Amino acid sequence: MMMTNMMTAMKTSISEVLETMFYLPVEFSQDARLSDAGLDDSAPVMACELGFSGEIQGKLILVVPRNLLAGMTENFMGETAAPGDDALLEGTLTETLNMICGNMLGRLETRDPLELGIPMKLDTLDSSADDMFTIIETIGAKMAIRLVVA
């Protein structure tokens, strides 16, 4: 039951954050492996993870194509990222995940408050080839997110 509530809260949070902060309409497609969604290491993607703790412990992992992230940065900050400006893209990526996770956790009814960690960029995707991600479709692109509960 808790996992179902968390998934619902996560999808609601994704919709709110991406539509409000980045002006991106979203739809969710069937969960898939990163390779099946075209978002594995062979594609130019950036990824980060954010842990949370308290009554519920776990993490979210977000994977976004670099070209989509560049557009999100422009929509969010009003700045165009220069080619190779990974710091600006990384800032947008980690802040996106921070907003999604914070919004998600705020929707859950728990006895004790849940605490967010610090979002960290992932240099490599250490997920198993069989790990399933929630696929988020937006204008001309896809991104993926994975909820892991300990």
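Conventions used here
- Residues numbered from 1 in each chain as written.
- Predicted model: local features only at pLDDT ≥ 70, side-chain atom pairs only at ≥ 80, totals over all residues.
- Heavy atoms only, no water.
- Axes fitted to C-alpha atoms, helices over the stretch in contact; angles between N-to-C directions.
- Helix = DSSP H or I, 4+ residues; strand = E, 2+ residues; numbered from the N terminus.
- Parallel < 35°, antiparallel > 145°, perpendicular 65-115°, else oblique.
- Left-handed = near helix turned anticlockwise from the far one by under 90°.
- Contact = heavy atoms within 4.5 Å.
- Nonpolar A, V, L, I, M, F, W, Y, C, P; charged D, E, K, R; others polar.
- Buried < 20%, exposed > 50% of the residue type's maximum accessible area, 1.4 Å probe, protein only.
- Polar contact = N/O pair within 3.5 Å; in protein donor to acceptor, adjacent residues only side chain to side chain.
- Core = buried A, V, L, I, M, F, W, Y, C linked by side-chain atoms within 4.5 Å.

Novice: Give a detailed account of the packing of helix H1 (residues 2-21) against helix H3 (residues 86-106), specifying residues and quantitative values.
Specialist: The description of two packed helices rests on the angle between their axes and on the distance between the axes. The geometry of H1 relative to H3 is characterised by a closest axis approach of 8 Å and an angle of 135° between their N-to-C directions. When the axes of H1 and H3 are compared, the pair comes out oblique. The way H1 lies across H3 gives a crossing that is right-handed. Of H3, the residues touching H1 (which contributes Met-6, Ala-9, Met-10, Ser-13, Ile-14, Glu-16, Val-17, Leu-18 and Met-21) are Thr-96, Met-99, Ile-100, Asn-103 and Met-104. Taken together, the residues of the contact of H1 with H3 break down into 10 nonpolar, three polar and one charged.

Novice: Tell me about the environment of Ser-35, and name the residues and values.
Specialist: As for its placement among the helices and strands, Ser-35 is situated in the loop between strand S1 (27-32) and strand S2 (45-53). In this structure Ser-35 comes out as partly exposed when scored by relative accessible area, which is 42%. Residues Ser-35 and Glu-90, 55 residues apart in the sequence, show an inter-C-alpha distance of 22 Å.

Novice: Describe in detail the side chain of Thr-134, supporting the description with residues and values.
Specialist: Mapped onto the elements, Thr-134 comes out in strand S6 (residues 133-138). Engagement of the side chain of Thr-134 in a polar contact is seen with the side chain of Asp-31, the distance being 3.4 Å. Every residue in contact with Thr-134, bar those within four places of it in the chain, is listed here: Met-7, Met-10, Lys-11, Phe-28, Asp-31, Met-143, Ala-144 and Ile-145.

Novice: Talk me through the side chain of Thr-94; I want residue IDs and the actual numbers.
Specialist: Inspection of the secondary structure puts Thr-94 in helix H3. There is a polar contact of 3.3 Å between the side chain of Thr-94 and the backbone oxygen of Gly-91. Setting aside chain neighbours within four positions, we find Thr-94 in contact with Cys-48, Pro-119 and Lys-121.

Novice: Help me get a handle on unusual backbone geometry, residues and values and all.
Specialist: Positive phi, normally seen in glycine, also occurs at Tyr-23, with a value near 60°. Positionally, Tyr-23 belongs in the loop between H1 and S1. Tyr-23 gets classed as exposed once you look at its relative accessible area, which sits at 58%.

Novice: Explain the environment of Gly-51 to me, and be specific about the residues and the numbers.
Specialist: Counting through the fold element by element, Gly-51 comes out in strand S2. Taking relative accessible area as the criterion, Gly-51 reaches 28% and is therefore assigned partly exposed. In the structure, Gly-51 is positioned 64 residues away from Glu-115 in sequence and 8.6 Å away in space, judged by C-alpha atoms. Ignoring anything within four residues of it in the chain, the contact list for Gly-51 reads Gly-58, Lys-59, Glu-115, Leu-116 and Gly-117.

Novice: How would you explain the nonpolar core if you had to name every residue and give the values?
Specialist: Counting residues in hydrophobic clusters, the biggest one holds 35 residues, and the most contacted among them are Leu-18, Leu-60, Met-72, Met-104 and Ile-145. Tallying contributions element by element places H3 first for this core, with eight residues. Dropping the residues within four chain positions of it, Met-72 is found in contact with Leu-18, Phe-22, Leu-24, Val-64, Thr-92, Thr-96 and Met-143. Membership of the second largest hydrophobic core comes to 12 residues, among which are Leu-34, Ala-37, Ile-61 and Ile-135.

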